[in-house]
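# Results of the structural survey
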Amino acid sequence: MQNKVTDEQLYGMPYYEKGACYSGSLGKMRYHLERINSEHELFQTFKEDDKYNFLATIWWGEYCYEKTPVEDLVTNVFPFDTDGKHKATLWINEQSESK
């Protein structure tokens, strides 16, 4: 079992710029990282010209992202840039240590 998620494991910015998402697991914790736009209900403005954010989601259990009840999902929003992706990686790792 891997102990930490790495920035490299979550691919580079071009992957997310195309609208792709990434899902993985650390033991029983599952995680999902995706790009969201300003139409999304969780969108936040970090800089004036922001068009996208990263939405990081974690949950515990056996089910995939799409089959997990919304109330079991824990989310956080980060700027859509390299630093934001790094902060999302750190947050995912923190969540895996919290349970």
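Residues numbered from 1 in each chain as written. Predicted model: local features only at pLDDT ≥ 70, side-chain atom pairs only at ≥ 80, totals over all residues. Heavy atoms only, no water.

### Here's the deal with the pairing of strand β3 (residues 52-60)
Spelled out, the test is: A simple rule labels every residue: compare its accessible area, found with a 1.4 Å probe on the protein chains alone, to the largest value its type can have, and call it buried under 20%, exposed over 50%, or partly exposed in between. In this description a helix means any DSSP run of H or I spanning at least four residues, a strand means any run of E spanning at least two, and both kinds are numbered starting from the N terminus. Criterion used throughout: strands pair if DSSP finds at least two bridges between them.
Counting buried positions over the nine residues of β3 gives seven, a clear majority of the element. Pairing between β3 and strand β4 (residues 74-79): six bridges, direction antiparallel. The residue bridging T57 from the neighbouring strand is T75, located in β4.

### Description of the side chain of H32
Threshold: Residue contacts are defined here by distance: any two heavy atoms, one from each residue, within 4.5 Å place the two residues in contact.
Here H32 lies in strand β2 (residues 29-37). Residue H32 is classed as buried on the basis of its relative accessible area of 3%. Once residues lying within four places of it in the same chain are set aside, the contact partners of H32 are C21, Y22, S23, L55, A56, T57, W59 and Y65.

### Some details on the pattern of salt bridges
In plain terms, the rule: A pair is scored as a salt bridge if a Lys or Arg side-chain nitrogen falls within 4 Å of a carboxyl oxygen belonging to Asp or Glu.
A complete count under the given rule lists six salt bridges for this structure. Put simply, R30 and E62 hold a salt bridge, and the shortest N to O gap is 3.6 Å. Of this pair, R30 sits in strand β2 while E62 sits in the loop between β3 and β4, and the two are 32 residues apart along the sequence. Here E62 falls in the exposed class, since its relative accessible area comes to 54%. The partner of K47 in a salt bridge is D50, with the nearest N and O atoms 3.9 Å apart. A relative accessible area of 39% places K47 in the partly exposed class. Accessibility expressed as a relative area gives 15% for D50, which makes it buried.

### Observations concerning the environment of Y65
Let me state the cut-off plainly: Here a polar contact means two N or O atoms within 3.5 Å. Within protein one must be a hydrogen donor candidate and the other an acceptor candidate, and residues neighboring in sequence count only if both atoms are side-chain atoms.
Assignment of secondary structure puts Y65 in the loop between β3 and β4. Through-space distance from the C-alpha of Y65 to that of H32 is 7.3 Å; in sequence the pair is 33 residues apart. Ignoring any residue separated from it by four or fewer positions in sequence, one finds Y65 in contact with H32, E34, T57, W59 and L73. There is a polar contact of 3.2 Å between the side chain of Y65 and the side chain of E34.

### Some words on the nonpolar core
Selection criterion: Definition used in this section: a nonpolar core is a set of buried Ala, Val, Leu, Ile, Met, Phe, Trp, Tyr and Cys residues joined via side-chain atoms within 4.5 Å.
Grouped together as the largest cluster of nonpolar side chains are 17 residues, with contacts concentrated most on L10, Y16, Y31, L33, F54, A56 and I92. Looking at this core, the elements that each hand over two or more residues are α1 (13-17), β1 (22-26), β2, β3 and α2 (82-97). Apart from residues no more than four positions distant in its own chain, A56 is found in contact with H32, L33, V74, T75, N76, F78, A88, W91 and I92.

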